[in-house]
Amino acid sequence: MLTSLKLMIRPSHVSYCFVIVLCHLCLAFTLSASEVSNKSLQVHGFVAQGVIDASGSNYINDDENLSFELTEVGINASYQLNDTFRIAGQAVYLNGGNRYHEGPRVDYLLLEWDAFHNDVWQASFYFGRVKNNHWLHSSTRDIPFARPSIIIPQVVYFDGFRDIAVGGDGAAVKLRYSDDAIGEIDFNFSRGESSISDDQADVVIGKLALGTIDHDLDAQASIYWRPPYSQWRFGISALDSSFTYDRVEIDNFFDGDFIFQFYTANAIYEGEFWQFSAEIFQERFVTSGFYFPGFHRDEIGQGYYVQASYQLQKDFSLMTRYERFYANKDDRNGAKLSQSTGGLVPSYFGFHHDTMIGLSYDFSSDSRVSAEYHWMEGGARLSPIVQPNPIANDSKNWQVWAIQFMYWF
Amino acid sequence: MSFYVNYKDEIIKAIFFKIAVVILLFSPQVYAINIISNITADTPSLSVTQLRRIYSMRQLHWQNGTPIVVYVLASNNPLHQQFCKQQLRLFPYQLDRIWNKLTFSGYGVAPIEVATQQELIKAIKLTKGAIGYVDNLSEVKDVNVIKIDD
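Residues numbered from 1 in each chain as written. Chains lettered and ligands numbered in written order. Predicted model: local features only at pLDDT ≥ 70, side-chain atom pairs only at ≥ 80, totals over all residues.

A. Spotlight on the overall build of chain B. A count of helices and strands for chain B gives 5 helices and 6 strands. Helices and strands in chain B line up, N terminus first, as α-β-β-α-β-α-α-β-α-β-β. A burial count over chain B gives 34% of its 150 residues as buried. Of the contacts formed within chain B by residues at least 6 apart in sequence, a portion of 68% connects residues at least 24 apart. (Helix = DSSP H or I, 4+ residues; strand = E, 2+ residues; numbered from the N terminus. Buried ≥ 20, exposed ≤ 12 C-beta atoms within 10 Å, placed from the backbone. Contact = placed C-beta atoms within 7 Å.)

This is the structure in structure tokens:
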């Protein structure tokens, strides 16, 4: 009976119901915004739908057709319990085709403790499911109107790692300092782990790996500094994480361990018409076992992106971005990768580059349309990275374009 | 000689006055911005840095311990835009970015947005610890007016 019930309640039905409920909640809260906008309770949300097309790769879908798998819906609430404690949570529904698994998620659900504050210091602790707040755009990567473009720089914000990188269950601390002499300094530290569902594991390690992958450790720290009254802000971050793969009895792969370390430095300039930002990073990806017992690979990858936007008119802006990523800094053209696999994996899976142009138009202070075009090169940011798919991705050069409408409140 | 100097000064003043009038006539509307708070805030003055800290949600309590409740007009409202640039020395989109990041990551809350100055004044009067801004003080009563020190 239970089995038949489980079969009747298919995941796609659950997702469909979830997105309908989210949309209704967004509509209800928008219509009654004045009623809920008291000082203790805040409710916000967003709805975004777009059209996207990727030619020459399975980045969005396997048939490379025009797709409407560009849906993002979210609603959040924050309630101030008293002067010291606050609770907050956000639920989202995402559909990005092959980019990440389709479905609902609890994005964050946390208790904030305002541990200490005075005129210049603020120290807060967060417990529960906390978001990654360490990279330039990590905390708003799913928020259509708060990120720089529809597809954010894959060199740092790789969609295949979205569910692991977006945050985890654990705790975070935020220390903030500001004065006239030093400016504003923010220090963030978080520790937690993500539970990886089977659907998410398919994106990360591929469908041929039948076992389970567990996120064992995730410790991250970052520090940001804005000089007094400056339009510049600078930041650095570090991440240390590890994963374990446990094979099932009949499996195409073996028990394995993965270590992923990630170090970034970033800068942003916010002028009246011009904005610039850049992030540079180095990552270390260690694989032990998994492909066969005794296998060991320890690679250091490097990458960066620079982007600029210009506000042409009050509501209309243009942007451009240039990204470069090398999975192995000692094999920038991927020749060694191809050689090590006997030519099964083409050399262009050793890097990922993107040159992008985009524009956005604000209809009002709460609605926008964005459009962009990407010239991609390489396959190092195509999921699953541990099992490259050269049949579906048989082109070194591929293109993506997207248009997305968004509304928020 | 002194008569000549005084006469020259008067001409220069007249020219500057006329230029100022022409600039004002052809400029976007300029508002006189006044910072007001609920009487529980009990703060006669703030520095620009303190005001900026309050609006970027880095200072959440008044000196007397009362929680600060920040009210704003919509980001495309001319008064809000002038308040950001003139008083906070920030562009409106910078504040939007800070608030969105706090709201949609769970790490904080955004100010409460109201549609009109009348709503804002009413909210300031009724909400303990509230702060906001208006362009005309003549009809505003029962609130604390905060002087901003440069």
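B. Local environment of the overall build of chain A. Looking only at helices and strands, chain A features 6 helices and 16 strands. Sorting the 409 residues of chain A into buried and exposed places 41% on the buried side.

C. Representation of the interface of chain B and chain A. On the side of chain A, 29 residues touch chain B, which itself brings 24 residues to the contact. Elements with a contribution of two residues or more to the side of chain B that touches chain A: α2 (48-55) and α4 (92-105) of chain B. The dominant element in the side of chain B that touches chain A, judged by the number of residues it contributes, is α4(B), at 6 residues. Its residues assigned to classes, the side of chain B that touches chain A comprises 9 nonpolar, 11 polar and 4 charged. (Nonpolar A, V, L, I, M, F, W, Y, C, P; charged D, E, K, R; others polar.)

D. Representation of the nonpolar core. Membership of the largest hydrophobic core comes to 65 residues, with the highest contact counts inside it found for F46(A), V204(A), I205(A) and V400(A). Among residues more than four places away in sequence, those in contact with F46(A) are E72(A), G74(A), I143(A), P144(A), F145(A), M406(A), Y407(A) and W408(A). Residues A41(B), V70(B), Y71(B) and V72(B) belong to the second largest nonpolar core, which totals 29 residues. (Core = buried A, V, L, I, M, F, W, Y, C linked by C-beta atoms within 7 Å.)

E. Main features of the sheet that holds strand β2 (residues 45-47) of chain B. Residues and elements named next belong to chain B. Strand order across the open sheet formed by 6 strands is β2-β6-β1-β5-β3-β4, with mixed pairing between neighbours. Taken across any chain shown, the strands that pair with only one partner, and hence form the sheet edges, are β2 and β4 (112-113). Relative to strand β5 (residues 130-134), helix α5 (residues 117-126) is tilted by about 150°, and along the sheet it contacts β1 (34-37), β3 (69-72) and β5. (Pairing = 2+ DSSP bridges. Axes fitted to C-alpha atoms, helices over the stretch in contact; angles between N-to-C directions.)

F. A look at the confidence of the model for chain A. Residues and elements named next belong to chain A. This prediction gives chain A a mean pLDDT of 90; 91% of its residues lie at or above 70. Predicted confidence for residues 1-12 stays below pLDDT 50, and this span has 2 contacts to residues more than four positions away or in other chains. Note on residues 31-37: pLDDT is under 50 here. Beyond four places in sequence and across chains, it has 5 contacts. (pLDDT = per-residue confidence, 0-100.)

G. Expanded view of the pairing of β3(B). Residues and elements named next belong to chain B. Both faces of β3 are covered, namely the face carrying V69 and Y71 and the face carrying V70 and V72. As defined by bridge partners, β3 adjoins β5 across 2 bridges and the pair is classed as parallel. Considered in β5, the bridge of V70 is made with I131. When β3 meets β4, the two strands line up parallel, connected through 2 bridges. Following the sheet pairing, V72 is matched in β4 by E113.

H. Looking closely at the pairing of strand β3 (residues 85-95) of chain A. Residue and element names in this part refer to chain A. Relative to β3, strand β2 (residues 71-80) runs antiparallel, the two sharing 10 bridges. Across the sheet, the residue bridging to A77 is G89, located in β3. The antiparallel pairing of β2 with β3 creates a hairpin that spans 4 residues between the two strands. Across 10 bridges, β3 lies against strand β4 (residues 103-117) in antiparallel orientation. When the bridges of β4 are listed, V92 appears paired with R105.

I. Looking closely at unusual backbone geometry. Going from S383(A) to P384(A), the amide bond is cis rather than trans, its omega being -10°. Structurally, the position occupied by P384(A) is in the loop between β15 (367-377) and β16 (397-408). We note that M57(B) has phi near 60°; this positive angle belongs to a residue other than glycine. Mapped onto the secondary structure, M57(B) falls in the loop between α2 and β3. Although it is not a glycine, R89(B) adopts a positive phi angle of roughly 60°. Among the secondary structure elements, R89(B) is positioned in the loop between α3 (78-88) and α4.

J. Representation of the confidence of the model for chain B within the structure. Residues and elements named next belong to chain B. Confidence along chain B averages 87 in pLDDT terms, with 81% of residues attaining 70 or more. The secondary-structure element of chain B with the lowest mean pLDDT is helix α1 (residues 2-26), recorded at 60, while β5 shows the highest, at 97. Two summary scores accompany this predicted model of the complex, namely pTM at 0.85 and ipTM at 0.86.

K. Focus on the environment of I268(A). All names here are of chain A. Locating I268 in the fold gives a position in strand β10 (residues 256-270). A tally of 20 C-beta atoms within 10 Å means that I268 is categorised as buried. With 40 residues separating them in the primary sequence, I268 and A308 have C-alpha atoms 9.7 Å apart. Apart from the residues within four sequence positions on either side, I268 is in contact with L136, R233 and S277.

L. How the structure looks around α4(B). All names here are of chain B. End to end, α4 covers 20 Å across 14 residues, agreeing with the expected 20 Å (1.5 Å per residue, within 8%). For α4, the full list of buried residues reads P92, L95, W99, N100, K101, T103, F104 and S105. Once α4 ends, the next one or two residues include G106, with phi positive near 85°. (Expected span 1.5 Å × (residues − 1).)

M. Inspection of α2(B) at higher detail. All names here are of chain B. The buried fraction of α2 is high, at 7 of 8 residues. Within the sequence span of α2, burial applies to T49, Q50, L51, R52, R53, I54 and Y55. Two residues or fewer past α2, M57 is found with a positive phi of approximately 60°.

N. View of the environment of Q82(B). Residues and elements named next belong to chain B. Along the polypeptide, Q82 turns up in helix α3. Remark: the alpha-carbon pair of Q82 and I68, spanning 14 residues in sequence, is separated by 22 Å. Beyond its immediate chain neighbours, meaning those up to four positions away, Q82 contacts Y31 and I33.

O. The arrangement of the environment of L46(B) in detail. Residue and element names in this part refer to chain B. Looking at the secondary structure, you find L46 in strand β2. Note on L46: 23 C-beta atoms within 10 Å, which makes it buried. For the pair L46 and A74, spaced 28 residues apart in sequence, the C-alpha separation works out to 23 Å. Not counting residues within four places of it along the chain, the set of residues in contact with L46 comprises L51, I146 and I148.

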